Number of protein chains: 2
Amino acid sequence: MDENRAARVRAVLDAVRAEGRTTLTAPEGKEVADAYGIAVPGEELARDVEEAVAHAARFGGPVVMKIVSPDILHKTEAGGVVVGVEGAAAVREAFHTIVGNARAYDEHARVTGVQIQELLPEGQEVIVGAVTDPTFGKVVAFGLGGVLVEVLKDVTFRLAPVDADEALSMLDSIRAAPVLRGVRGRAGVDRWALAEQIRRVSLLVAEFPEIAEVDLNPVIATPEGAHAADVRIILADGPVKERRRYAREEILASMRRLMKPRSVAVIGASGEPGKIGNSVMRNLVDGGFAGDIHPVNPKADDILGRKAYRSVGDVPGEVDVAVFAIPARFVGAALEEVGRKGIPNAVLIPSGFAETGEHALQAEIVEIAERHGVRLLGPNIYGYYSTWQDLCATFCTPYDVKGGVALTSQSGGIGMAILGFARSTRTGVSAIVGLGNKSDLDEDDLLTWFAQDPHTECVAMHLEDLKDGRAFVEAARATVPKKPVVVLKAGRTAAGARAAGSHTGALAGDDAVYDDILRQAGVIRAPGLHDMLEYARALPVLPAPCGDNVVIITGAGGSGVLLSDAVTDNGLSLMEIPPDLDEAFRSFIPPFGAAGNPVDITGGEPPSTYEATIRLGLEDPRVHALVLGYWHTIVTPPMVFAELTARVVAEFRERGVVKPVVASLAGDVEVEEACQYLFERGVVAYPYTTERPVAVLGAKYRWARAAGLLGGGS
Amino acid sequence: MDENRAARVRAVLDAVRAEGRTTLTAPEGKEVADAYGIAVPGEELARDVEEAVAHAARFGGPVVMKIVSPDILHKTEAGGVVVGVEGAAAVREAFHTIVGNARAYDEHARVTGVQIQELLPEGQEVIVGAVTDPTFGKVVAFGLGGVLVEVLKDVTFRLAPVDADEALSMLDSIRAAPVLRGVRGRAGVDRWALAEQIRRVSLLVAEFPEIAEVDLNPVIATPEGAHAADVRIILADGPVKERRRYAREEILASMRRLMKPRSVAVIGASGEPGKIGNSVMRNLVDGGFAGDIHPVNPKADDILGRKAYRSVGDVPGEVDVAVFAIPARFVGAALEEVGRKGIPNAVLIPSGFAETGEHALQAEIVEIAERHGVRLLGPNIYGYYSTWQDLCATFCTPYDVKGGVALTSQSGGIGMAILGFARSTRTGVSAIVGLGNKSDLDEDDLLTWFAQDPHTECVAMHLEDLKDGRAFVEAARATVPKKPVVVLKAGRTAAGARAAGSHTGALAGDDAVYDDILRQAGVIRAPGLHDMLEYARALPVLPAPCGDNVVIITGAGGSGVLLSDAVTDNGLSLMEIPPDLDEAFRSFIPPFGAAGNPVDITGGEPPSTYEATIRLGLEDPRVHALVLGYWHTIVTPPMVFAELTARVVAEFRERGVVKPVVASLAGDVEVEEACQYLFERGVVAYPYTTERPVAVLGAKYRWARAAGLLGGGS
C-alpha cells in the first residue's frame, strides 16, 4: 500500500468517524479520490458567495455548483445543484438559490458551503462503484449511467481489487458495450482512462475494508478521458469479521483421510432394519468397502457380523472417519470422544441443528470440533460416496458406477435426485457428497480435494449460498485450469430486499453478483437442476476442443436448422467451410444436398455417407468439434449409425485425433438405445432434442476458454 | 378509408413515382404525416435565405434547419442539419453552411431548399416505424430512440394496423418500459399521444401497401405530447403480390375428408417389403383403419390381400384421400387422374421437388391441383396420422396412443423425433402431420381444422417459415380461445442479412418480428424441440388455472428453493399466503418446517403430511395451482406419494375442483415409475428436474392468459 495515499485517506476517514458520520461530504470524497488518483474535475469549496465567484473565475468556463452539508445526502432532491453557471452574477445568484433551497429542505441542516466544480464536457455517462457483498466482500461494479441503464440493470461486477486487464474486461461485459467502442460514426471513449477509474476504486475499497460503498456516478467518459462528476463514499457501521481459514495442506490432509479412509467408525450403528444406523452399516458393507468398518453402539456386541464397541474410544487402531447416526442431542458428547481419539473427520448425518432453529446446538459442536481439530461434514446430510473406494457412507443405497464426476449438494433432496439420475443414466461418478448445514467443511474444501484427485475429471455442485465467496473463487480458480467446475446456484431470486445507500448497491442484487463472479472464476453455471446433472454426466465423457470451428453434419435438414440455432444460442462458432473442404464434403453427398455448414447429407442416405462425412470432419485439422444430426431411416437404422460413429471416433482417438463429437438423434424409440451406446463410447448423444447435445458442447467450450485451452480467455 | 387523407397521400406518392423516386423528401413526408394526423413540429420549406429568415421569425423560438434534396438521404452525414438556430443572423449563416456542405457532399445533388422546423422541447427520444415483412406484411415497430437502444435492440412489433389498445400495449412491451412511465422522480410521457403516433403510422401503411418503410425517428415524447422530429418514407419498388386464400368452409370441407376419410387410395402401393408403397399399405392395414383401402398399381392384381387397380380412376366409389408413393416424375400424371376422379386430397410423400431444386416440377403439380381443386399435403413428407381414425398414412410405423395433442412438422426428421418421443412417453395424440414443402396445405389450414376438432385439445407445430404469416395469425387467434397452440420456430438466427433502408428495417430481424407477433397471436413459443414435445405431452393433461395464485408444497427444502426460482423464471406468481391459510398449513407440518410459500413440510414426513397439505391446497379456493416437490424417503416411498397424490387430485376433480397440479420428484430411480403413474392420472410430474414441471405450468398459464381465462390479456 502506498504510504502517502493511505495516510491521506486515513486522515479523512478518522475525521468523518470523529464526527460520528458514515457518509463523506463531496470535498472529503474528492480528497480520497485525489489520494487514489481517481480523476475528478477541478473543484473548490466556497464558504461564502465571494469565494464562489473567485473559484469560478479561476476555472474559466462554466461550473457546477453543489451544496456541501453533512446532513444532505441527496443533493439534487434538495435543490442543491445548479449546472452550467457562468459569470459572476450568475454564480452569485446560484449560490443564494442553493443555500436557500437547502434551508427549505431541512432547516436544521449544517451548511458547510457550496462546492464549485469545473463543468465536464459532454460524454458518455457511466457508473463506477464498489459495494461490500455479504458473500464476496469488496466488489467493484461498472455500467452505463443514466435512467435507462438503471431500468435495464446492465451492470457488471468483479471481486476487488481488479488489475488493469480485468478492469478493461468489464467494459466489454455489459450488453451496451458497443456504445463505449463507438457506434454510428461516434467516437469511442478512452477505455484505458475508464478502466483506470475502475481499478483505482477497487484498490481503494480493498485497502480500506471499512469503506462499505463507493459511487462514482456519473463518470463522464469521452474520447479524451474519464472524470467522476460525483464521488459518494459510505463507511461501514461496524468492524468487518474475518472467517477462520485452513491452509491447503491442512485441508488436503483431512480430506485425504475422508475420501480415502482405511478405517470408518459408525456411531449409532444398529442391527435393526429401518434405522439410519442400520442403513449406513449395511451400505458400507454391501458397497464393498475394503477398509475396516467399526460399529459403535453401547447396547450391542455385534452388528452385521462385526464386533461393536461401546464407545469410539474403544475402537482399536487409527480411525479416519466417524459417521454419526445418532440423534442431535447426543452428537456433542460423542464428538468429544471422536476428538479425544484423534479422528480427523466427523460425518454428521443427524438433523436437528441450525436448519430447525437449533443454532446454539450447532455452535456447540463446531466449538468442540475446532477445539479438537476435527473437521465436520454436515450436519443434516445423507452422508457421502467415494465410489473408487467402494465407500457408501449414507443411508441411501450403494452406487457403483465409477467414473469422473464428483457431485455435491447442499440439500438432501437434490442429493437423492443426483443419485437417481446417475443410476438411471449410468453416470460415472467419483464422489457424491452431502454438505447440508455446512457447519465446517464446504465447497471450497471439497474443490481443493477434487482439484488434485486423479479420479475426478469434473466437479458439479448444487449450492444455495457460499459461506466464503472469496475462498470459493480461489479454489475454483485453482481447479478450473485442470477440470471443469459446474455450479447450480439455487435461490436466484431471493435477494432484492438488500438495503443500499448507493446506486451501485441498488444494482447489486445477489444473483447479478454471483453470476458475474462465478463466470469470472471460470465456473460453468448450470441454468437448472437437470442441466447440472446432464453436464455432470457428459463433460467428463467429452474431450476438450482445441479450437473454435464447429461443423454440423446432418441427415435431417430440419435438425440442421435447429442445431444451428443451438450453436448460436450457446455462443459457439459455425465454421466457415473453406472451398477445398466444401468440395470434399460435396463429393460424398447428393447433388441437392447442401454443403456449407450445416453439411446436409439429406435423408435416406446409407451408412457410408454418414461415415465418409464424419471421417472428413475428424480428419481435417481445421475442424475442431462435430455436431451430428441423425435421422432414423430404414437405410441407416439407429444402431447402425451408433456403431459406425463410435467406431470411427474410436479409430481417430487411437490415432491421437481427439475432438468433441455430440449427436442429436431424431427417430423412433430405438434411438434411445443408440444414444446410450454412443454415450458409453465417448460421443455425447441425446434423443428427441437438438438443444441438449449443443448445450453440453457449449458448456465444454466455456470451460475450455476459462481453462485457457482456447484463445480469448474467460 | 378517409377519402380526403387518401387523396392527399395519393397525390404525394404519384408525384414521387412520376419523378422515378422511391424515397420521399422531408416536406413530402410532412404532407403525408399531416394527412394522417401524425404529429410533427411546425415546418416550412425555405427556397432561399430570406424565406428561411421569415419562416424562423414566424415560429418564434429556436429552429432546426435541414437540407432538402431528393439526392441526399443521410442529411446529418452530409452536414445538412443544424439544430437550435435563433435570430436572423444565425439563420442566414446556417442556411449558407447547410447548402455549402450539401454541395461539398455531392456536387450533383439537386437542392430544393432548406427546411425550417420548430425545435422540439427536450424529451424522451423514441422510434416509431413500419416495415414490410416478407412473412407478415405490414408491421409496425416501437422502441426507445438513441444509440443505446439501437445497440440493445429493445424494440417491439405488431401487425399493422393496430388499434389504440394494441398501440398502448407496445409501450409496455419493451424492456425499457418503466422509462416511459417515469422513473427516479421524472415525469412519464404522454402515453396516449405516443400510442396515437403508432396507430396512425400503422393505418398509413395498411391503407397504402406500396409504402414499404416508415421511420419516425426520433419521436420526442414529453409529458405533454409526442412529435415526430423526422419522417422518412420509402416506397416499394414493385407491386405487392397477393396469395390465394380459401374460405374457412372450403378448408374444413377438404380437411374433414383428409382427417376423417372413409376411403383411401395408395398410388404406388406395393407388395414388396422395403418399398415405401409397401410400408404405407402395411401401416394403413396394421394401424386398423376401418375405411376402404385401395391399392393402385398397374402391375399387380392384389396387394396385401386387397384388390389393386391399374389407375386411381378405376377405384369404385368416392375416394377421400390419395396417398402418393411414386417417384416425383410420375406425380403429375397421377395427380391429373386424382383430379379427374374428384378426390379432394393428395398426400405427396415423394421427395424430389423444390427441396432438391426442382421448383418447376413443384409449380407444375400445384397448377394441376389448383385446376382440379385438389388440396396437396407435401410433397416431401412422411405422411400423416389421424389416430382417432386408426389412420396411419405414413411409411413409418403405426401409433395408437389416442389423446389430445395434434402435432405437425415441416421436417421429416423432426416428425420422426415426434413419433419416437410420443411412443417413449405414451403421449396421447390426435394427429401427427408432415408438411414438408407446403406446396399447398400449411399450418393455417391445419389450425383451422384442429381448432374445431373435438379430439384435439392442444396443437404443437414445428415450422421453419410461414407462407402467409397473416393467415397463420388469423387461424391462431381463432384457435387460442379454445385450445393452446405451441410453436417451435426453427431458424431463429437465419436473418440479419436483410437489406433495410430505415432504422426500423435494420431492427426488424426475422426472429424479433416472429417472436412478437406469435406472442401477440397468443401462441406459446417453445424454446427448443424437447420443450415443444414436453408441452405437447403435458398441456392436454393439465387443466387450465382459473387464477394467478401458485403454491409450492415441498418435502425437500432444496427443491423448494429451485422451484421458487422456476416460478419466477416462468413469470408465475408465488401466492402470498393469508394468515388463516398459513396457520392451517402449520397445523400439519413440524414446528421447524416453514409455512409461507414454499410450504416446506420437511423431509422424513409420512404420507399423511403430503396428503393433508395437498388437500388443503386443493380445498382452499384462493389457491389456483399447486407445485409439488417430493423427496424420496423410506417413510414415503415414490409410489406411495404418487398414489396418494393421484387419489386426492381425482377425488377433488370428481367434486368439481379442477386445478393444475405439477410435481418434481427427487429420488432414486423408482421416481421415474411414479412420474409416469402421475402423468397418466393428470398430474404433470418429472424426475430429476425442478425446472420442467414449472415450465409446463408456465406454458399453460401463458395460454390461459392469451385465451382470456385470467385477467391481464395477452
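Residues numbered from 1 in each chain as written. Chains lettered and ligands numbered in written order. Predicted model: local features only at pLDDT ≥ 70, side-chain atom pairs only at ≥ 80, totals over all residues. Heavy atoms only, no water.

**Thoughts on the overall build of chain A**
Helices and strands together make up the secondary structure of chain A, namely 24 helices and 30 strands. Across its three principal directions, the C-alpha atoms of chain A cover 95 × 80 × 40 Å. The buried share among the 714 residues of chain A stands at 60%. Considering only intrachain contacts with a sequence separation of at least 6, the fraction spanning at least 24 residues in chain A is 70%. When the accessible surface of chain A is summed, it comes to about 26,500 Å², and 51% of that surface belongs to carbon and sulfur atoms. Across chain A, 71 positive and 95 negative side-chain charges occur, with their mean positions spaced 4 Å apart. (Helix = DSSP H or I, 4+ residues; strand = E, 2+ residues; numbered from the N terminus. Buried < 20%, exposed > 50% of the residue type's maximum accessible area, 1.4 Å probe, protein only. Contact = heavy atoms within 4.5 Å. Areas by Shrake-Rupley, 256 points an atom, 1.4 Å probe, with all protein chains shown as cover. Lys, Arg positive; Asp, Glu negative; His and termini not counted. Charge placed at Lys NZ, Arg CZ, Asp CG, Glu CD.)

**Digging into helix H2 (residues 26-35) of chain A**
Residues and elements named next belong to chain A. Across the 10 residues of H2, seven count as buried, placing the element largely inside the fold. Along H2, the residues classified as buried are Ala26, Glu28, Gly29, Lys30, Val32, Ala33 and Ala35. Packing partners of the buried residues in H2 comprise helix H1 (3-18), strand S1 (43-46), strand S4 (113-118), helix H8 (191-207) and strand S10 (231-235). Of the residues trailing H2, Gly37 is marked for its positive phi of about 65°.

**Concerning the domain arrangement of chain A**
All names here are of chain A. Split into domains, chain A comes out as domain 1 (1-38 + 122-242), domain 2 (42-119), domain 3 (248-539) and domain 4 (549-707). On a C-alpha basis, the centroid separation for the pair domain 3 and domain 4 is 39 Å. At the junction of the two partners, domain 3 supplies 16 residues and domain 4 supplies 14 residues. Note on domain 3 versus domain 4: buried area summed over both sides is about 1,300 Å², and carbon and sulfur give 62% of it. (Domains from an automatic or database assignment. Buried area = accessible area lost by both parts, 1.4 Å probe.)

**Details of the nonpolar core**
Ranked by size, the top nonpolar core spans 152 residues in total, and within it Tyr384 and Met532 of chain A together with Leu665 of chain B carry the most contacts. Excluding residues that lie within four positions of it along the chain, Leu665 of chain B makes contacts with Tyr630, Phe641, Val671, Ala674, Cys675, Leu678, Ala685, Tyr686, Pro687 and Tyr688 of chain B. The next biggest cluster of nonpolar side chains, apart from the first, holds 150 residues, and it includes Leu618 and Val683 of chain A together with Ala521 and Ala707 of chain B. (Core = buried A, V, L, I, M, F, W, Y, C linked by side-chain atoms within 4.5 Å.)

**Focus on the interface of chain A and chain B**
Each side of the interface is counted separately: chain A has 69 residues, and chain B has 69 residues. In total, chain A and chain B occlude about 5,200 Å² of area from one another, counting both sides; carbon and sulfur atoms represent 65% of this. The largest contributions to the chain A side of the interface with chain B come from Val147, Arg184 and Tyr688 of chain A, which together make up 12% of the buried area. Taken together, the connections running from chain A to chain B amount to two salt bridges. Our count for the contact surface shared by chain A and chain B stands at 14 residue pairs in polar contact (both at pLDDT 80 or more). Of all the secondary-structure elements, those providing two or more residues to the side of chain A that touches chain B are helix H5 (147-152), helix H7 (177-181), helix H13 (412-425), strand S23 (485-489), helix H18 (529-538), helix H19 (557-569) and helix H24 (691-706) of chain A. Tallying contributions element by element places H13 of chain A first for the side of chain A that touches chain B, with 10 residues. In the side of chain A that touches chain B, the residues fall into 28 nonpolar, 24 polar and 17 charged. (Salt bridge = Lys/Arg side-chain N within 4 Å of Asp/Glu carboxyl O. Polar contact = N/O pair within 3.5 Å; in protein donor to acceptor, adjacent residues only side chain to side chain. Nonpolar A, V, L, I, M, F, W, Y, C, P; charged D, E, K, R; others polar.)

**Examining the sheet that holds strand S11 (residues 263-267) of chain A**
Residue and element names in this part refer to chain A. Taken in spatial order, the five strands make up an open sheet running S12-S11-S15-S16-S17, and their pairing is parallel. Where the open sheet ends on each side, the last strands, each with one partner, are strand S12 (292-296) and strand S17 (375-377). Geometrically, the sheet is characterised by an average inter-axis angle of 20° between neighbouring strands, direction not taken into account. Relative to strand S16 (residues 345-348), strand S15 (residues 321-324) runs parallel, the two being bridged by four bridges. If you follow Phe324 over to S16, its bridge partner there is Leu348. Relative to the sheet, helix H9 (residues 248-259) contacts S15, S16 and S17, its axis offset from that of S16 by approximately 60°. (Pairing = 2+ DSSP bridges. Axes fitted to C-alpha atoms, helices over the stretch in contact; angles between N-to-C directions.)

**Side note on the UniProt feature "domain: ATP-grasp" (unreviewed entry) in chain A**
Within this numbering scheme, the UniProt entry marks residues 30-237 of chain A as carrying the feature "domain: ATP-grasp" (unreviewed entry). End C-alpha atoms of residues 30-237 of chain A are separated by 21 Å, and the span's content is 34% helix alongside 31% strand. (UniProt positions renumbered as here; feature names shortened; annotations may be inferred.)

**Section: the relation of the copies chain A and chain B**
The two copies are related by a screw operation: chain A maps onto chain B through 180° of rotation and 0.0 Å of translation along the axis, at an RMSD of 0.1 Å. Both copies of the chain, as the preceding transformation shows, are related through a two-fold rotation axis. Distance from the rotation axis, computed per C-alpha, reaches its smallest value in chain A at Leu148 of chain A: 4.4 Å. Both copies present the same face, since 100% of the interface residues in chain A are matched by interface residues at the equivalent positions in chain B. (Least-squares fit on C-alpha atoms with pLDDT ≥ 70 in both.)

**Thoughts on the side chain of Gln362 of chain A**
Residue and element names in this part refer to chain A. Relative to the assigned elements, Gln362 resides in helix H12 (residues 359-372). At 3.0 Å, the side chain of Gln362 forms a polar contact with the backbone nitrogen of Ala354. Those residues in contact with Gln362, other than ones at most four positions away along the chain, are Phe353, Ala354, Pro379, Asn437 and Ser439.

**Brief notes about the pairing of strand S15 (residues 321-324) of chain B**
All names here are of chain B. What you see with S15 is no split at all: Val321 and Val323 on one side and Ala322 and Phe324 on the other are buried throughout. As paired elements, strand S11 (residues 263-267) and S15 share four bridges and run parallel to each other. Paired with Val264 across the bridge in S15 is Val321. As for the winding sense of the linkage, the β-α-β connection from S15 through helix H11 (residues 328-341) to strand S16 (residues 345-348) is right-handed. (Right-handed = clockwise from strand over helix to strand, strands pointing away.)

**Examining empty space enclosed by the protein**
Residue and element names in this part refer to chain B. Applying the stated criterion to the full structure yields seven cavities of 30 Å³ or more. In this structure, the largest cavity encloses a volume near 160 Å³. The wall of the largest cavity is formed by 15 residues, among which Leu24, Thr25, Ala26, Ile72 and Lys75 lie closest to the centre. Counting only elements with at least two residues in the lining of the largest cavity, the list comes to strand S2 (63-68) and strand S10 (231-235). (1 Å grid on protein atoms, 1.4 Å probe; cavity = no way out; pocket = protein on both sides within 12 Å on 5 of 7 lines; lining within 4 Å. Points joined across faces, edges and corners; volume = space filled by probe spheres on them.)

**Here we look at helix H3 (residues 49-59) of chain B**
Residues lying three or four places apart along an α-helix face the same way, a consequence of the helix completing one turn every 3.6 residues. Residues and elements named next belong to chain B. For H3, every residue scored as buried is listed here: Val49, Ala52, Val53, His55 and Ala56. For H3, the angular spread of buried residues about the axis comes to 165°, placing them on one side. Residues of H3 that are exposed and point over 90 degrees away from its buried face: Ala57 and Arg58. Where the residues of H3 are buried, they touch strand S1 (43-46), S2, helix H4 (88-105) and strand S4 (113-118). (Arc of directions from axis to C-beta.)

**Describing the pattern of salt bridges**
Residue and element names in this part refer to chain A. All chains considered together, the criterion is met by 94 salt bridges over all chains. The partner of Asp230 in a salt bridge is Lys66, with the nearest N and O atoms 3.4 Å apart. Here the residue Asp230 occupies a position in the loop between strand S9 (225-228) and S10, and Lys66 occupies one in strand S2 (residues 63-68), the gap between them amounting to 164 residues. The burial state of Asp230 is the same as that of Lys66; both residues are buried. Three or more residues are tied together by salt bridges with common partners; here these are Glu611, Arg615, Glu619, Arg647, Glu651 and Arg655.

**Re the environment of Ala704 of chain A**
Residues and elements named next belong to chain A. Residue placement: Ala704 occurs in helix H24. The exposure class of Ala704 is buried, given its relative accessible area of 0%. For the pair Ala704 and Gly522, spaced 182 residues apart in the sequence, the C-alpha separation amounts to 9.3 Å. In contact with Ala704, not counting residues within four places along its chain, are Pro545, Leu709 and Leu710.

**Notes on the sheet that holds S1 of chain B**
All names here are of chain B. Pairing within the open sheet is antiparallel, and its four strands lie in the order S1-S4-S2-S3. Only two strands of the sheet have a single neighbouring strand rather than two, namely S1 and strand S3 (81-85). In this sheet, adjacent strand axes meet at a mean angle of 20° when their direction is disregarded. Pairing between S2 and S3: four bridges, direction antiparallel. Within S3, the residue paired with Val63 across the bridge is Val85.

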